[in-house]
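Remarks on the overall topology
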Amino acid sequence: MCLAIPVRIVELLGDDLALFDVGGIRKEISLALVDDVKVGDYVVAHTGYAIGKLDRDEAEKTLQLLASMAGEPAALAG
């Protein structure tokens, strides 16, 4: 089973790398598979790679659903 989650890009690092944030956790991600990503965009993250872009509303709905399934407050959406 594969799991990919929406994450918000907070910094472009160069060389097709970026920093993402989800629920206050920040990690590096490769943008090599996705074109035209900007700071503030949401992407689908899977195993260290952005595999697609998402619109903000869809990303936030998904993050809220994941948070509610985990019994956490909806603060994941950032």
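Quick note: structure is the one above.
The structure reproduced in this document is the subject of the present report. (Residues numbered from 1 in each chain as written. Predicted model: local features only at pLDDT ≥ 70, side-chain atom pairs only at ≥ 80, totals over all residues. Heavy atoms only, no water.)

1. Topic: the side chain of Asp 21
Which entries qualify depends on this criterion: A helix here means a DSSP run of H or I that spans at least four residues, while a strand means a run of E at least two residues long, and both kinds are numbered starting from the N terminus. By definition, residues are in contact when any of their heavy atoms lie within 4.5 Å.
For Asp 21, the position within the fold is in strand β2 (residues 17-22). Apart from the residues lying within four places of it in its own chain, the contact partners of Asp 21 are Val 7, Arg 8, Val 10 and Arg 26.

2. Observations regarding the nonpolar core
When a protein is soluble and globular, its nonpolar side chains tend to lie buried together. Where we set the bar: In this text, buried Ala, Val, Leu, Ile, Met, Phe, Trp, Tyr and Cys residues form a nonpolar core when linked through side-chain atoms within 4.5 Å. Burial classes: relative accessible area under 20% of the type maximum marks a residue as buried, over 50% as exposed, and values in between as partly exposed (1.4 Å probe, protein chains only).
Judged by nonpolar contacts, the single largest core of 15 residues is most densely connected at Val 7, Ile 9, Ile 29, Leu 31 and Val 43. When residues of this core are traced back to their parent elements, those giving at least two are β1 (5-14), β2, β4 (42-46) and α1 (56-69). Those residues in contact with Ile 29 that lie beyond four places of it in its chain are Val 7, Ile 9, Asp 16, Leu 17, Ala 18, Phe 20, Val 43, Ala 45, Gly 48, Tyr 49 and Ala 50.

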